[in-house]
Amino acid sequence: MIRFATQRIASVVATLFGMAVAIFLLVRLLPGNAVAAMLGPGEPADPAEVARLTHALGLDKPWPVQFGEWIGGLLTGHLGKSYLNDQSIGLIVVRGLPITLEIAIGATVVGTVFGVTLGVVAAVWQNGFWDGVIRIAGMAGLALPSFWIATLMLLLTSTAFHWVPPVSYVSPFKDPLGNLAQFALPVLAVSLHSIASLMRLTRTSMLEVLHDDYLRTARSKGCSKRRSVVRHALRNALLPVITVIGYNVGHLLGGVPLIETIFGLPGVGYTLIQAINSRDYGVIQTMTVLLAAVFIAVNLLIDLMYGVLDPRVREAA
Amino acid sequence: MRNEAGPSDSVTGEVAPPEWGRIDRRRFLSLSAGAVALPGLLGSRAAGSVDALAHLAKPKRGGSVTWGTTADPVHLSPYGEPLGATVESLQMIYESLVAWDPRTLKIGPSLATKWEIPDNTTYVFHLRPGVKFHSGKPLTADDVKYSLETQKSPPPPGLPTNSAYPHIASVEVVDPMTVKVTQTQPDPTLLGYLAWRNSSFIIPQNMYASDTQTHADGTGPFKLLEYVPNDHVTFTRNTHYWKSGLPYLDKLTFKILPDEPTRLTAIRAGAIDGTTVSTDSAKTLESVRSLNVLKGPVANCIVMYFKLNGPPKPWHDPRVRQAVNFAIDRQAIIDNVFGGQGHFSSIVPDGYGDWSIPQHTLRTKYEKHDKAHAKALLKQAGYPDGFDFTLIVIATPVMYPQIAQVVAAHLGEVGIKAKVQPLQSATFEEHTQVSGDIDCALTGKGIRDDVSGFFVDVNRSKQPWFVGGWSNDKFNNLMDTGLEETSAAKRKAVYTSAQEIVLTELPIMPLVGYNEFQPVVNRLKGMYVAYPGYEPGLTQAWVTTPGS
């Protein structure tokens, strides 16, 4: 198990480094220019001023030097400053991270609980009315983009109930109910895709397991249907589902920036969009690596859990 | 120019049901946004409220307002070529020596009660007694000296430049309440620069020694209470404001909501008290009883740039530029993109004092839609079958690509094929500001401190890359004269002639100006759409229910 974990961690470090290189290059290959974005849409820029700003931001240094300085800063905790407002990137991250994590964790929990539950119900009552309803809803959840659903939710609540979530961020520690009111719709919008995909996978996986011999044996030995489904079938059916949960986190994190923008939540995702629009390289790089690290960490955790849940994986490792 | 809510600005009549069987392009775009279709399905409602008696209501002290803004200020430092979203907040906190009347653009006293111009390079400002900064420090001439000197090359954040800075040689403290500003050369833009309040705020001496991002200290009607980046900026009333009785509001919050459908739903639900929306969105709010949709012209103008230097291109020939000008039906742009809420525009936007060429002259002479004449010009220039070019345009706000598509359609009718290429803002600015890698570009221009500011793009002294290659001796002389002349009447003659040259030779081509829409909740009174932009009306607005 230790060797298994060590191997996974080593591959994570290598993956993160590779992602950092890719992010660094992609940002600089983006059309548009950080200095031009700072100058804004006013009168044409004086070339001497452009050169001076480029030098002041360190953008005239060779790319390997810029990369080295950035990575060195990441590893030592000096994340640099935003081009736009000279603010510490660390501060920007700390400010936005709780909001993004609340949406991501909330959506993962909601997606998992409802997805798995609905998948079990659909499998147990295969080809029944509720199976049909759940499967159709699942297709809609996969097909409809989360940002469109979010906009529709806001439109519905504002016109039918004259209500929208609180417009300014409400901390869960100061006002838990207000925070719940603010995050309920964003979490739901982001989690719908996750619910749908986990429902479908759980259903498929459960159907395979429900027809296995060991389950028939358990039933014939007097095990109740409920116990056999929950205690025996579900645990085996969840193995592939857990893998998809990790994948869904990445999909979720990709949707969070738009959701934060739609709901006016100043999280990491929304800040990242602003940084991309203004080519704030340091903010883009650091936040993207951070989000990538979160995704990788979640999947590492899932890989490790897999080893715990499935003895075959532990022994093979 | 009327830009205040009143009987003729309010909406009357019923809302027509959506025409599902016939959807034009504008309607399709509205449906795609998703935020405009459902209200029609939910049933038409009676006309929106008519705020006909607002001007008779007596203002009430107290209450708070939340205004939905479109972008984050990024920081609240007063200098450094701040972004528009930054200036929007700064204008609540800080003031300058003089100020525009937001409706007439007449320059009047502000922190200076009067000024003298003893010669054409000297201004003497007499400060208003009794004015204090929010910290309690009295305003003195030393603060003005520090402010004017720091504005020229400000410390970070922001850019260390000030492109509008007038030719100030020195600022002298005559006495604690008198400042003498001496210029390096005659420059009539000084008062406009100060009134514009874009980078000309008066701050306390040595303010930049502290953290200007978290510390704001102005003389304005509101004090900064809190700035949470990407979320909101909150102000409280300056109880020692020198304008007696103002502001009425106790608290003002700018909530940052960049997504327009989100702002629409928020104002429908009453989560915000006002915001700015597009023409299409304003139409969907017309039937909402709880809202009053204000409208008014703003000092923005849509323009097209041609690249006049570099390898030989059709644009070098003024007949080609004129052909493009006459091929475009500006009224169609106004009708299709702005719902009829717009006007023709010279390079100086309509409503900027009395500087602009009159609408009638623009419509019948300089910007007349005449396809036959356009085709004849193309034939004379050697392009009887037209030509192809790429038109880059900023992707958002969506009105820009919409206008570009309409322009492309009109040009196609005379044989000119325009490939419209929407670009994200940083990419667009890289092309138009830095590399010069364009064929033709379509964008917008905002207000300027002085009429001369509208000619910067074609002023040879600036040598902008994309008009290098165009020169007109008479125009160049007018530019020099306009900056040396201090008589308003003579300057008007100068800049009228300059506009006529630009509209004839078209080194850049103005298209249209438009109205802006600001829906507000019924309890918010005294608000209006300000021609220079931003929301100066909030400094004198009030709410009918201060307890809410």
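Just above, that's the structure.
Only a predicted model underlies this, so the values are computations on that prediction, with no experimental measurement involved.

Trainee: How would you summarise the packing of aromatic side chains if you had to cite specific residues and measurements?
Mentor: The description of an aromatic ring pair rests on the distance of the ring centres and on the angle between the ring planes. Residues and elements named next belong to chain A. Applying the stated criterion across every chain yields a total of 28 aromatic pairs over all chains. With a centroid separation of 6.4 Å and 90° between ring planes, the pair formed by F24 and W63 is classed as edge-to-face. You can see F24 sitting in helix α1 (residues 2–29) and its partner W63 sitting in helix α4 (residues 63–76), a full 39 residues away along the chain. For F24, a relative accessible area of 2% puts it in the buried group.

Trainee: Explain the interface of chain B and chain A to me, and be specific about the residues and the numbers.
Mentor: Listed per partner, the contact involves 48 residues of chain B and 44 residues of chain A. Contact between chain B and chain A buries roughly 3,900 Å² in total, counting both sides, with carbon and sulfur atoms accounting for 61%. When residues of chain B are sorted by the area they lose upon contact with chain A, L159, N230 and Q433 of chain B head the list and together hold 15% of the total. Taken together, the links from chain B to chain A amount to 0 salt bridges. Between the two partners, chain B and chain A, sit 9 residue pairs in polar contact (both at pLDDT 80 or more). Those elements that place two or more of their residues in the side of chain B that touches chain A are β10 (251–256), α6 (260–269) and α13 (425–435) of chain B. Considering every element that reaches the side of chain B that touches chain A, the biggest residue donor is α13 of chain B, with 7 residues. Its residues assigned to classes, the side of chain B that touches chain A shows 24 nonpolar, 15 polar and 9 charged.

Trainee: Requested: an account of the packing of helix α10 (residues 225–263) of chain A against helix α11 (residues 268–277) of chain A, with residues and values cited.
Mentor: Residue and element names in this part refer to chain A. Packing of α10 against α11 leaves a shortest axis separation of 7 Å and a crossing angle of 95°. Relative to α11, the element α10 is oriented roughly perpendicular. Side by side, α10 and α11 meet where P257, L258, E260 and T261 of the first sit next to V268, G269, Y270 and I273 of the second. In terms of residue class, the contact of α10 with α11 is made up of 5 nonpolar, 2 polar and 1 charged.

Quick notes on the rules
Residues numbered from 1 in each chain as written. Chains lettered and ligands numbered in written order. Predicted model: local features only at pLDDT ≥ 70, side-chain atom pairs only at ≥ 80, totals over all residues. Heavy atoms only, no water. Phe/Tyr/Trp six-rings, centres within 6.5 Å; stacked < 30°, edge-to-face > 60°. Helix = DSSP H or I, 4+ residues; strand = E, 2+ residues; numbered from the N terminus. Buried < 20%, exposed > 50% of the residue type's maximum accessible area, 1.4 Å probe, protein only. Contact = heavy atoms within 4.5 Å. Buried area = accessible area lost by both parts, 1.4 Å probe. Salt bridge = Lys/Arg side-chain N within 4 Å of Asp/Glu carboxyl O. Polar contact = N/O pair within 3.5 Å; in protein donor to acceptor, adjacent residues only side chain to side chain. Nonpolar A, V, L, I, M, F, W, Y, C, P; charged D, E, K, R; others polar. Axes fitted to C-alpha atoms, helices over the stretch in contact; angles between N-to-C directions. Parallel < 35°, antiparallel > 145°, perpendicular 65-115°, else oblique.

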